[in-house]
Amino acid sequence: MKKISYLLLIMITAVLVLAACGGKDKGNEEGNENHNGSKNTSEDQLAIIKENGELLVGTEGTYAPFTFHDESGKLTGFDVEISEEIASRLGVKAKFMETQWDAMFPGLDSKRFDMIANQVGIKPERQEKYDFSEPYISSSAVLVTHADNTEVKGFEDIKGLKSAQSLTSNYGKMAQSNGAEIVGVDGFIQAIELLNSKRVDVTINDKLTVLDFQKQKPDAKIQVVAEAEDAAQSGLMFRKGNETLVEAVNKALNEMIEDGTYDKISDKWFGENVLE
């Protein structure tokens, strides 16, 4: 009798253990659901985006002319319009999640948004951890002089001249390597002010920054006299493992370029195609 009771106890214990394991597995399956209720194990990010009707875009909102708030307070800019057009071609709406630059990559890591649109440079160290779209911005260093200057025609001509530069910038190092005397400034606007007043001879800066300034201030007495051969390219950035999303975004970008939509947006913000 005792032997039968003992065997019965073992059988009851085994049943309880199996039931507990089953409940645990079910709990884990439910835990795999992300914030919008889609299970990561069975759906890719593109499917989740289409299911929810939103492409979550990480951006600064303080970086004109790429992403900033206009006088009415509306978020606008080159990256904003590019993202909105891409989202439209995916059949969804773009929802912008504004964050500081230092929090941008962690925000993508934590799945706060699906992609970053903020003129992010495509660099090998970033490509190790993230995926990028095909380049949608190409920008190089340009040499800027006062409009009256007829002597400086290339980077080799700035030896011994005063160049307004941020001291720790790559552009400052470029000016130094070409023999210029560096006059330290806090940023681009101060450099242009010194150039306008002829207290410096030149400045080297980002092409798109200069184009935007010239568009906003067409009467400014400055001119671009040379452009560096090596251009830096930027792309839309994604978490690794979202191949179908990256492919869909690339398809949308290529369609925008082919049908002239990209040219229209680029010309609006910079006065020229910023991919070529």
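Look up: the structure comes first, before these words.
Residues numbered from 1 in each chain as written. Predicted model: local features only at pLDDT ≥ 70, side-chain atom pairs only at ≥ 80, totals over all residues. Heavy atoms only, no water.

A.B. asks: What exactly am I supposed to notice about the pattern of salt bridges here?
C.D. replies: All told, the structure shown has 10 salt bridges when counted by the stated rule. Here Glu272 and Lys207 are joined by a salt bridge, their closest N and O atoms 3.2 Å apart. Taken together, the positions of Glu272 in the segment after helix H10 (261–270) and Lys207 in helix H8 (residues 207–216) put the pair 65 residues apart, joining distant regions of the chain. For the salt bridge of Lys251 with Glu255, the shortest nitrogen-to-oxygen distance reads 2.7 Å. With a gap of 4 residues between them, Lys251 and Glu255 both fall in helix H9 (residues 243–258), about one helical turn apart. (Salt bridge = Lys/Arg side-chain N within 4 Å of Asp/Glu carboxyl O. Helix = DSSP H or I, 4+ residues; strand = E, 2+ residues; numbered from the N terminus.)

A.B. asks: Sorry, what's going on with the packing of helix H7 (residues 188–196) against H8 here?
C.D. replies: Between two packed helices, both the angle of their axes relative to each other and the distance between the axes serve to describe the pair. H8 packs onto H7 with a crossing angle of 65 degrees between their chain directions and a minimal axis gap of 12 Å. As for how H7 packs across H8, the hand of that crossing is right-handed. Note on element contacts: H8 touches H7 through Thr209, Val210 and Phe213, opposite Phe188, Ile189 and Ile192. Partitioned by chemical class, the residues of the contact of H7 with H8 number 5 nonpolar, 1 polar and no charged. (Axes fitted to C-alpha atoms, helices over the stretch in contact; angles between N-to-C directions. Left-handed = near helix turned anticlockwise from the far one by under 90°. Contact = heavy atoms within 4.5 Å. Nonpolar A, V, L, I, M, F, W, Y, C, P; charged D, E, K, R; others polar.)

A.B. asks: Help me out: how do you make sense of H9 in this one?
C.D. replies: What sets the pattern is the α-helix's 3.6 residues per turn: residues three or four places apart point alike. Taking 1.5 Å as the rise per residue, H9 with 16 residues should run 22 Å; its terminal C-alpha atoms sit 22 Å apart, in good agreement. Of all the positions in H9, only Leu245, Val246, Ala248, Val249, Asn250, Ala252, Leu253 and Met256 are classed as buried. Just downstream of H9, Gly260 is the residue with a positive phi angle, here 90 degrees. (Expected span 1.5 Å × (residues − 1). Buried < 20%, exposed > 50% of the residue type's maximum accessible area, 1.4 Å probe, protein only.)

A.B. asks: What should I look at first to understand the sheet that holds strand S4 (residues 75–76) in this one?
C.D. replies: In spatial order, the strands read S2-S3-S4; together these 3 strands make up an open sheet with antiparallel pairing. If you trace the sheet from one side to the other, it starts and ends with strand S2 (62–63) and S4, each paired once. Where strand S3 (residues 67–69) lies against S4, 2 bridges are found, and the strand directions are antiparallel. Bridging across to S4, Phe68 finds its partner in Thr76. (Pairing = 2+ DSSP bridges.)

A.B. asks: How should I be thinking about the nonpolar core in this particular structure?
C.D. replies: Among soluble globular proteins, nonpolar side chains are generally buried collectively. Membership of the largest hydrophobic core comes to 35 residues, with the highest contact counts inside it found for Phe78, Ile82, Ile86 and Leu236. The set of elements that each furnish at least two residues to this core consists of helix H2 (45–52), strand S1 (54–59), helix H3 (78–89), strand S6 (115–121), H8, strand S12 (222–239), H9 and H10. Among the elements that line this core, the one with the most residues is H9, at 7 residues. Those residues within four positions of Ile82 in sequence are excluded, and the remaining contacts are Tyr136, Leu253, Met256, Tyr262 and Ile265. With 13 residues, the next largest nonpolar core counts Ala164, Ile192, Val200 and Val210 among its residues. (Core = buried A, V, L, I, M, F, W, Y, C linked by side-chain atoms within 4.5 Å.)

Function cannot be inferred from these measures alone, as they are strictly geometric.
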